[in-house]
Amino acid sequence: MANVDLKNLTLADLEAFIAGQGKERFRARQIFKWIYQQGVTDFASMTNLSREFRAELAAAARVSDLQPEVVEVSTDGTRKYLFRLEDGARVESVLIPDEGRNTLCISSQVGCAMACEFCLTGTFRFTRNLTTAEIVNQVCSVKRDADIRNIVFMGMGEPLANLDNVVPAIKVLIDNDGLQFSNRRVTVSTSGLVPELDILGASVTVNLAVSLNATTDELRDRIMPVNRRYPLKELLAACKRFPLPSRRYITFEYVLIRDLNDTLDDARRLVKLVSDIPCKINLIAFNEHEGCSFRAPTQEAIDRFHKYLLDKHFTVITRASRGGDISAACGQLKGRLESAQGSTL
Ligand code: SF4
């Protein structure tokens, strides 16, 4: 049997593993710190462990690592990291700089099964869930290259469809002996899997972003098929009961698409839908891409929508489309690389 990748384990899992090796519990914490605070991947370097124990560990376990296959840097400083996983599958992470407060956007699956009509990743078929190690290693790898302040699960995949690996990964990210991110700086973004939202909220305390994009079930059913299972009313009720870190708000993401969801009527309905949920709203202008007939909104439509929400006293941010020259919209780098190489996953 293959040996255990310690990066698949939370600290509690590692303590159980170490106990199974007949060793003291506190050794797990020492190893965890070597891995996440020193970035060590070989047991020989863990010098506060006995030589004998290091040899035993090397026989029973390993510490995986990821090196980016490609890093593309955009003129606005956005950096895209493409990782090739052990089975040849590829995922990407995007580092978005913002006056020294870098945000890292990470992936949770290879491809995505949710099939949102406006999303390029949705056109890649779902291949598999990422392991806990593969999620955590995106952060470990980029951290060697740049400071990371915020982490968002907004890359490839629906994180709530992979809770078995996303929750342990979050526990490693926010563990004081692990990667030491404040839970106020970790955000999980979902297309709206309602039962899993409740499970996430019961398992860890993190920020939540919900990709909303439509204000009627009719339109949302069409552009986000998940809505046929969990319509707006159920989704918004789940948002209301989600336990956020203190003084935090839910973020509603709203991709503005020309003549589809960018009118003042849409803005009015949006205000009605979310008015009793402490939230902020991120507007994102749709990025036109091959294979999708949707159009980018006009600047006038964006400004009108933005102003309406502001006038209703919402915190609203219109996200500038970043990294356009390196195709930073999720999934695009992977798509380009694969078409260039003629490979499929
Ligand atoms: S928007 Fe998110 S959930 Fe929807 S297809 Fe794209 S990656 Fe999947």
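The paragraphs below set out a description of the structure included in this document. Model, not experiment: these values are computed from the prediction.

**A look at the overall build of the protein**
A tally of regular secondary structure across the protein gives twelve helices and 14 strands. In terms of overall size, the protein behaves like a compact globule, its C-alpha atoms giving a radius of gyration of 21 Å where 345 residues would be expected to give roughly 20 Å. Dimensions of the protein along its principal axes, counting C-alpha atoms only, are 70 × 45 × 40 Å. The buried share of the protein, reckoned over its 345 residues, is 54%. Contacts spanning at least 24 positions in sequence make up 65% of the contacts within the protein whose residues lie at least 6 apart. Distance from the positive charge centre (44 side chains) to the negative charge centre (43 side chains) of the protein: 4 Å.

**Section: helix α2 (residues 26–36)**
With eight of eleven residues buried, α2 is to be regarded as a mostly interior element. When we look at burial in α2, the residues that qualify are Arg 27, Ala 28, Gln 30, Ile 31, Phe 32, Trp 34, Ile 35 and Tyr 36. Tucked into the core, α2 has its buried residues touching α1 (11–20), α3 (51–60), α4 (132–143) and α5 (163–174).

**Describing the packing of aromatic side chains**
We describe a pair of aromatic rings using the distance from one ring centre to the other and the angle between the two ring planes. In this structure the tally under the stated criterion is four aromatic pairs. Note on Tyr 81 and Phe 83: the rings are 6.4 Å apart at their centroids and 10° apart in plane angle, and the pair reads as stacked. As far as burial versus exposure is concerned, Tyr 81 and Phe 83 are alike and both buried.

**A closer look at the packing of α5 against helix α6 (residues 194–203)**
Here α5 crosses α6 at 25°, and the two axes come no closer than 11 Å. Comparing the axis directions of α5 and α6 gives the class roughly parallel. For the pair α5 and α6, the crossing hand works out as right-handed. For the pair α5 and α6, contact is made by Leu 163, Val 167, Ile 170 and Lys 171 and by Glu 196, Ile 199, Leu 200 and Ser 203, respectively. Classifying every residue of the contact of α5 with α6 gives five nonpolar, one polar and two charged.

**Remarks on the pattern of salt bridges**
Inspection of the entire model under this criterion finds 22 salt bridges. Between Asp 145 and Arg 79 there is a salt bridge; the shortest N-O distance is 3.0 Å. Of this pair, Asp 145 sits in the loop between α4 and β9 (150–153) while Arg 79 is found in strand β4 (residues 79–84), placing the two residues 66 residues apart along the sequence. The exposure class assigned to Asp 145 is partly exposed, which follows from its relative accessible area of 43%. What makes Arg 79 partly exposed here is its relative accessible area of 24%.

**Focus: the packing of α1 against α2**
As a packed pair, α1 and α2 sit with axes 8 Å apart at the nearest point and diverge in direction by 125°. Considering the angle they form, α1 stands oblique to α2. Crossing hand, α1 versus α2: right-handed. Facing Leu 11, Leu 14, Glu 15 and Ile 18 of α1, the residues of α2 in contact are Arg 27, Ala 28, Arg 29, Ile 31 and Phe 32.

Reading the values: rules and limits
Residues numbered from 1 in each chain as written. Predicted model: local features only at pLDDT ≥ 70, side-chain atom pairs only at ≥ 80, totals over all residues. Heavy atoms only, no water. Helix = DSSP H or I, 4+ residues; strand = E, 2+ residues; numbered from the N terminus. Rg over C-alpha atoms; globule rule 2.2 N^0.38 Å. Buried < 20%, exposed > 50% of the residue type's maximum accessible area, 1.4 Å probe, protein only. Contact = heavy atoms within 4.5 Å. Lys, Arg positive; Asp, Glu negative; His and termini not counted. Charge placed at Lys NZ, Arg CZ, Asp CG, Glu CD. Phe/Tyr/Trp six-rings, centres within 6.5 Å; stacked < 30°, edge-to-face > 60°. Axes fitted to C-alpha atoms, helices over the stretch in contact; angles between N-to-C directions. Parallel < 35°, antiparallel > 145°, perpendicular 65-115°, else oblique. Left-handed = near helix turned anticlockwise from the far one by under 90°. Nonpolar A, V, L, I, M, F, W, Y, C, P; charged D, E, K, R; others polar. Salt bridge = Lys/Arg side-chain N within 4 Å of Asp/Glu carboxyl O.

Read these as geometric descriptors, not functional statements.
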